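Summary of the model geometry
Here is how the chains run, residue by residue.
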Amino acid sequence: MPTRCLTIDPQLPDPSVIAEAAAILRRGGIVAFPTETVYGLGANALDGAAVRRIFAAKGRPANNPVIVHVTSSDAARQLAAEWPAPAERLAAQFWPGPLTMVVKKQPHVPDEVTAGGATVAIRCPQHPIARALIDAAGVPLAAPSANASNRISATTAKHVLRTLDGRIDLVLDGGPAGGGLESTVVDVSVNPPRVLRPGLISADALSAALDMTVRTAEHAVVERGAAPSPGMLARHYAPLIPLEICPRGVERAQELSASGQRVALVTHLPVAHSLPSVQVAILSNDPAGYASRLYQTLYELESSGIERIVVVTPPQSAEWAAIHDRLRRASA
Ligand code: AMP
Ligand code: MG
């Protein structure tokens, strides 16, 4: 049976639509909804069987924990066995918003959510639909990105349905998810805190808020010699077609195209001359604007018969770190 899709105003969500979605969640169902990062696929986080449905729908490996969404830091503390000072400070500064914090979990948080681990990842989203839905459900919502496992995170309802149609109970279509990239994940159960996944909030911004150096994911991988969390697997967030990152992207795209392949070029720079046989997608040269369109662009290219994607290497400055991270994984 195809999944139902209800259109809803992202600024002033209709309470009757929210109530219908919340009723599905309270019955143990799974519902996709927009957030300020990407679309989430939500279930009652306190109901292990409901959370297992998320894993089944996505084909997600059981060892990959999911983020729990709440609407206040009080609600977050009810899931946490410890709420260290850095958690308090980061919550005060960045919540609601695209920051996920990993803390020691309370015993009532099911193993399905934490992949059996002793910590739980918690986020307080800012998007009005996400907030209304969590409040109406009356429970915290476990929600990974609303797409099949290993695929690009969905940032529109259409792209949710591309991989999950018929596998989930409902999609709330509130238009494109604004941020376009997954949240920053920071582990505050260790001291000093450590970024496990770069995102829309930079490690520098976290360091400034805490008055201490927050270590980055790169450091974490080097130090431990292995990814400390499954979201750091080298290949993740991947398009279905080969993607390469290249400083001289225009030339590379032309070269591939001359060899007879259907090539797309994704760039943050204006393209001086026309490239007759290359499909060109020009994204913003500002990192926030670029992030908000990246996944959507990759989904569109996937379904347009393109065989290769060449991405012009974005600037190396810190604000582009999360974009570099996702492109690296997409090209692995
Ligand atoms: P996604 O499936 O795209 O929403 O990403 C969820 C990500 O959150 C996971 O892949 C992990 O990187 C991270 N995460 C969730 N729970 C934990 C946890 N307890 N410890 C460390 N990372 C976590
Ligand atoms: Mg994901």
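Bear in mind the structure is a predicted one, so any value in this text is a computation, not a measurement. (Residues numbered from 1 in each chain as written. Chains lettered and ligands numbered in written order. Predicted model: local features only at pLDDT ≥ 70, side-chain atom pairs only at ≥ 80, totals over all residues. Heavy atoms only, no water.)

Considering the packing of helix H7 (residues 157-164) against helix H11 (residues 287-302)
In helix packing, the relevant descriptors are the interaxial angle and the interaxial distance, both defined with respect to the helix axes. Across the interface, H7 lies against H11 with an axial gap of 11 Å and an inter-helix angle of 50 degrees. If you check the angle between H7 and H11, you find them oblique. Once H7 is placed against H11, the crossing between them reads as left-handed. When H7 is examined against H11, the residues His159, Arg162 and Thr163 are found in contact with a partner set consisting of Gln296, Tyr299 and Glu300. Tallied by class, residues from the contact of H7 with H11 come to one nonpolar, three polar and two charged. (Axes fitted to C-alpha atoms, helices over the stretch in contact; angles between N-to-C directions. Helix = DSSP H or I, 4+ residues; strand = E, 2+ residues; numbered from the N terminus. Parallel < 35°, antiparallel > 145°, perpendicular 65-115°, else oblique. Left-handed = near helix turned anticlockwise from the far one by under 90°. Contact = heavy atoms within 4.5 Å. Nonpolar A, V, L, I, M, F, W, Y, C, P; charged D, E, K, R; others polar.)

Some remarks on the nonpolar core
Counting residues in hydrophobic clusters, the biggest one holds 73 residues, and the most contacted among them are Leu90 and Met101. Element by element, the count of residues in this core is highest for H11, at seven residues. Membership of the second largest hydrophobic core comes to 20 residues, among which are Leu6, Ile8, Ala130 and Ile134. (Core = buried A, V, L, I, M, F, W, Y, C linked by side-chain atoms within 4.5 Å. Buried < 20%, exposed > 50% of the residue type's maximum accessible area, 1.4 Å probe, protein only.)

Regarding helix H2 (residues 48-58)
Turning to H2, its buried residues are Gly48, Ala50, Val51, Ile54, Phe55, Ala57 and Lys58. Tucked inside the fold, the buried residues of H2 contact strand S3 (40-44), helix H5 (111-114), strand S7 (141-142) and H7. For H2, the N-terminal cap is Asp47; the gap from its side-chain oxygen to the backbone nitrogen of Ala49 is 3.1 Å. Gly59 occupies a position one or two residues after H2 and carries a positive phi of about 65 degrees. (Polar contact = N/O pair within 3.5 Å; in protein donor to acceptor, adjacent residues only side chain to side chain.)

These values are about where atoms sit, not about what they do.
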